[in-house]
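# Summary of structural features
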Amino acid sequence: MGPSELTARLAALIEVDALNYWEIEDYVEQLATQPPEVQEEVLRQVGVIWPVSQALCLDFLDQVQRGLSCLPHSRLGEWVNATLDVYEKDGLKQAQRFLAEVESNFLCQIRGENGVSLAQAGGRLLPYLRGLAGRALDLATAPITYTDSQTIFLPPEITLFKEQRENFLTYKLLASWQWGLLAAGTFSAHLSPEQTLIQELMARHGRRFSSEQPFPANFYHLFPDPELAGDLFLLVETVRITSLLRRELPGLMRDSAPVLAELRRQRPTLSGLEGKARLLEALNHWVLTAALPESEAETSAKFYTQAVELLLPLADAGKTVAESLGLTAQLYRLFEQLPGEYRPEHPPLLGGRLQPWAVAAVRLHRREESRQQFIKALGAMLALETGEHPPPEQHAARRQKPTALPDDAAAALLPLSAKGDEGEQPLSPPQAEEPEYITIGGREIKIPESLRELASEIRQDLGRLPNRYISAALDQAGRNAVGGPGPDPEEGPEATGPLLYDEWDYRRGGFRKNWCTLLEKQLLPVSSPFVENTLEKYQGQLRLLKRQFEMMRLQQRFVRRQKEGDEIDLDAATEALLDIRAGYPASENLFVRLNRDERNIAAIFLVDMSYSTEGWVGTALKEALVLMCESLQVLGDRYAIYGFSGMRRTRAELYQIKHLEERYDREVKGRISAIIPKDYTRMGPPIRHVSRILAASEAKIRLLITLSDGKPEDYDDYKGEYAIEDTRHALIEAKAAGIHPFCITIDREAQEYIPHMYGAVNYIFINDVKRLPLRMPEIYRSLTT
């Protein structure tokens, strides 16, 4: 590329007025000596930096020759991304210093000398982990790796490898392994002195079972050497969890072979160990790479072989933590035959340490939250069922003395198959049906699905549903005027926040860290006849919609190859006949059964409140929401409504119109009526925020439905390809969290960008805005059936 072409290309990327002609000539003169592929890469990076900071871009042009003297041109993009991260975190001066000291600041980093920190890896690791778990797990740093079931704690930095990719892969493996502990139920066992294994251990070792210690600490202390028992249990679980990861995440485990080999090389050699510590370390070597240790011949071969034979069956699918407990006891008996005391020195790096007290603390916190949520929800339901709202003078008396259940009145949540009079129910097995009825004084009241799930969680946690929960709910029902007026609209709730979100910059292939400030506000309800007028306008269509939605209450599906059923399964019957003729025993599963499954759906409607929705567009959006809410009242799905707008990256705004668990009442109708056009359309932050809300939901199907009349755009540089790519990446993050995004748009130019953002089948274009109110319920029905 000659000087004249270079000059033209450079002038097209930057504002020529910002430079003197001789400065451009200097830059062109330096670039002219480089090969064409280097020139192209430098120009591409200029296009990345200039929109962010003109001063930093000129510094890059000043320093690029120094950078190219020690970096291949293929690394320029990484250098620029690292520089922009410093600029957005620490400002221009620090970024200029980072550019000038490329050798010490950047080369050390990519060589692995400085490793990868969790702060660097977290932006990619956290969405992956939440998508894997299907809930909002968090990441934090700690000297050792462990999880408290809510947060996964990882080392602040990993420096095992020279390349960042392998160090990041190590983080990914460690995080996935901790997820495996939660997925496989390592912390979920319930021990009692009546269990056979516990009785055998107490008789063998003469130790008492402690109900005050959390699992598995209470299991360790049944042995004379709790530390050895704990390390053996962790070894057994390491085998079981690693096998689970090989089945569920084969790609990760295949890519992690070098990581596992390096972790094994980091283990101590066997030559300096003796007795129990030597055998356990030999097994740790075997667990990491499924290969014998180099000095295996020097170990007690008989004991090593017996231990491996005990561990091998754990590789089969379906092994449970109960089997791990039994196997731990067998291994302990094997280790007792070895001489000497056990002195733990090197915990397995892959699994870190189990922290039962940390898990117990989180469980107690969740238990208290569940208790309060259950009492509040049940109290509200009882108040609605009875229709009784005691006068104010009764409230004080109720607050002074909680309601007690009469002796002749049973109050319990019962499964359909086990209705009875017990005040407290025994522990439900995992496969038990969820409680469906509450009985008070002989009267049965069917409760909503969300409360049944919560009650089931409480029963599984405590082994029963305490009567005091129900007494408190009865007291709550008397104290709260459920369905009464909300807070004074004139006061209004304060904005929640600020919340910081990253923003995707496609030009650099990375995030601008904590770039956008999202303010979460509650839209104040207004007194308006809008909802009533809408219901009158669409009364005929609404009756039809409600009938259609009522038919969707139960999902129906055919289950084949059953022992009993409604019809004969012709495929199964044909196979059975062929088996009989071939001399094989025939299967008895010859029927088809019709199953009716209750819906488990959570949806969030994200409504564009930008200034472009003024007029009939805004009216149609509000009418569509009214018809949607009225229809969903029949269906019973959980749903929420949020509006979004804002101006610049420092003021993205999300308006709460209806929460997932909030009733569709007068206040919600007032908020829908209050929806008005506001500012601009910065879509990335609100999508990321409501995705976090949906990811925390336990629903099987999670929908994010956006209603918009135009492409994402803000007052600053959030325009064009940049805005589209950030929105697209936010949607990709949502999909990784198990959320299905869908867009309903009335923009006539949407065909140009919507398929790229949402995918070819995840949007619909409505060319007549007047059709939106009736089309929206139809679209929802098609997405959820």
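No experiment lies behind these values; they were computed from the predicted model shown.

### Examining the pattern of salt bridges
Tallying each qualifying case throughout the model produces 33 salt bridges. Arg682 is paired through a salt bridge with Asp714; the nearest N and O atoms lie 2.7 Å apart. Placement of Arg682 in the loop between α26 (666-673) and α27 (684-695) and of Asp714 in the loop between β17 (701-708) and α28 (720-736) is noted, with a sequence separation of 32 residues between them. Ionic contacts of the salt-bridge type, sharing partners, join the residues Asp85, Glu88, Arg508, Arg512, Lys513 and Asp717 into one network.

### Comments concerning the packing of helix α9 (residues 164-183) against helix α12 (residues 226-248)
α12 packs onto α9 with a crossing angle of 100° between their chain directions and a minimal axis gap of 9 Å. Here α12 runs roughly perpendicular to α9, going by the angle between their axes. Of the residues in α12, those touching α9 at Ser176, Trp177, Trp179, Gly180, Leu181 and Ala183 are Leu234, Glu237, Thr238, Ile241, Thr242, Leu244 and Leu245. Here the contact of α9 with α12 is composed, by residue class, of eight nonpolar, four polar and one charged.

### Quick look at the packing of aromatic side chains
If you walk through the whole model with that rule in mind, you get 13 aromatic pairs. The interplanar angle of 40° and the centroid separation of 6.0 Å between the aromatic rings of Phe605 and Tyr780 together place this pair among those described as tilted. Taken together, the positions of Phe605 in strand β14 (residues 601-608) and Tyr780 in helix α30 (residues 772-783) put the pair 175 residues apart, joining distant regions of the chain. Relative accessible area serves as the criterion here: at 1%, Phe605 is assigned to the buried category.

### Let's talk about the environment of Gly352
Inspection of the secondary structure puts Gly352 in the loop between α17 (321-335) and α18 (356-386). The spatial distance from the C-alpha of Gly352 to the C-alpha of Tyr146 is 5.8 Å, given a sequence separation of 206 residues.

### Topic: the confidence of the model for the chain
Across the chain, pLDDT averages 78, with 80% of residues at or above 70. Summarising per-element confidence for the chain, the mean pLDDT is lowest in helix α19 (residues 392-400) (40) and highest in α27 (92). Every residue in residues 388-435 is under pLDDT 50, and counting partners more than four places away or in other chains gives 97 contacts.

### Considering helix α14 (residues 257-266)
The complete set of buried residues in α14 reads Val259, Leu260, Glu262, Leu263 and Arg264. Where α14 is buried, its residues contact α9, α12, α13 (250-255) and α15 (275-289).

### Here we look at the environment of Leu154
Inspection of the secondary structure puts Leu154 in strand β4 (residues 151-154). Aside from chain neighbours lying at most four places away, what touches Leu154 is Leu118, Leu125, Leu139, Ala140, Thr141, Ala142, Thr145, Tyr171, Leu174 and Ala175.

### Thoughts on the sheet that holds strand β3 (residues 146-147)
Note: strands within a sheet are paired through backbone hydrogen bonds, in either parallel or antiparallel orientation. On the basis of which strands lie adjacent, the open sheet formed by three strands has the order β2-β4-β3 and mixed pairing. Each end of this open sheet is capped by a strand with a single partner; those strands are β2 (138-141) and β3. Relative to β4, β3 runs antiparallel, the two being bridged by two bridges. Residue pairing for β4: Tyr146 is matched across the bridge by Phe153.

Thresholds applied
- Residues numbered from 1 in each chain as written.
- Predicted model: local features only at pLDDT ≥ 70, side-chain atom pairs only at ≥ 80, totals over all residues.
- Heavy atoms only, no water.
- Salt bridge = Lys/Arg side-chain N within 4 Å of Asp/Glu carboxyl O.
- Helix = DSSP H or I, 4+ residues; strand = E, 2+ residues; numbered from the N terminus.
- Axes fitted to C-alpha atoms, helices over the stretch in contact; angles between N-to-C directions.
- Parallel < 35°, antiparallel > 145°, perpendicular 65-115°, else oblique.
- Contact = heavy atoms within 4.5 Å.
- Nonpolar A, V, L, I, M, F, W, Y, C, P; charged D, E, K, R; others polar.
- Phe/Tyr/Trp six-rings, centres within 6.5 Å; stacked < 30°, edge-to-face > 60°.
- Buried < 20%, exposed > 50% of the residue type's maximum accessible area, 1.4 Å probe, protein only.
- pLDDT = per-residue confidence, 0-100.
- Pairing = 2+ DSSP bridges.

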